[in-house]
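# Survey of secondary and tertiary structure
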Amino acid sequence: HGHATPTDTTPPPACPHRRFASLPPSPPHNTTTMQDPAKSLRIKTNATSRLIKELESYRRELSTNDAKLAELAAARADPSEIRQWENVRGETMAMIPDTSKRLSAASEDLEEAVEVAAAEGLEGDAVGAAVEAIARTQRVLGVLGA
């Protein structure tokens, strides 16, 4: 008749995300990376590289916005369309300092990870990629004058 059998006493979870509420909290993320300097180095290198790409993308977008604004001004476009593109340009401009700051912090964190890896005798591709990411960060931030 659709009734639960007496052996089925486990209630369904109240909602899906509460399924694991009874499990102990996971350890802080840095404890596992502290134990494995190679893994920490790869993670921090990837984060730094991602921020480099993000910053470069904002710079390209800014250049595209400037070109579009110049094109609209030359074509004597509708002032509301020009204002809209000026707003888009302003939003892009606002992202650059924040992204630069996050990139600088990630690069400093990566430098510390390289020092830890070197102290533990780690060598190879992971260290080389990290050093290259640090150098790229310095070039990208130098180009921006940050």
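Just so you know, these numbers come straight off a predicted model, no measurement behind them.

## Let's talk about the overall build of the protein chain
- A tally of helices and strands in the protein chain yields four helices and zero strands.
- The secondary structure elements of the protein chain, listed N-terminal to C-terminal, are α-α-α-α.
- Buried residues in the protein chain amount to 25% of all 146 residues.
- Residue pairs at least 24 apart in sequence account for 78% of intrachain contacts in the protein chain once pairs closer than 6 positions are excluded.
- When the accessible surface of the protein chain is summed, it comes to about 10400 Å², and 55% of that surface belongs to carbon and sulfur atoms.

## Things to note about the confidence of the model for the protein chain
- On average, the protein chain scores 83 in pLDDT, and the residues at 70 or more come to 73%.
- No element of the protein chain has a lower mean pLDDT than helix 1 (residues 29–35), at 50, and none a higher one than helix 2 (residues 37–74), at 95.

## Considerations on the pattern of salt bridges
- One pass over the structure, following the stated rule, counts eight salt bridges.
- Glutamate 54 is paired through a salt bridge with arginine 102; the nearest N and O atoms lie 2.7 Å apart. Here glutamate 54 is found in helix 2, whereas its partner arginine 102 is found in helix 3 (residues 79–119), with 48 residues between them in sequence.
- For arginine 102, a relative accessible area of 32% corresponds to the partly exposed category.
- A salt bridge links arginine 136 to glutamate 56; its shortest N-O distance comes to 3.7 Å. Of this pair, arginine 136 sits in helix 4 (residues 125–144) while glutamate 56 sits in helix 2, and the two are 80 residues apart along the sequence.
- Here glutamate 56 falls in the partly exposed class, since its relative accessible area comes to 25%.
- Linked by salt bridges that have partners in common, Arg50, Glu54, Asp98 and Arg102 make up one network.

Rules used throughout
Residues numbered from 1 in each chain as written. Predicted model: local features only at pLDDT ≥ 70, side-chain atom pairs only at ≥ 80, totals over all residues. Heavy atoms only, no water. Helix = DSSP H or I, 4+ residues; strand = E, 2+ residues; numbered from the N terminus. Buried < 20%, exposed > 50% of the residue type's maximum accessible area, 1.4 Å probe, protein only. Contact = heavy atoms within 4.5 Å. Areas by Shrake-Rupley, 256 points an atom, 1.4 Å probe, with all protein chains shown as cover. pLDDT = per-residue confidence, 0-100. Salt bridge = Lys/Arg side-chain N within 4 Å of Asp/Glu carboxyl O.

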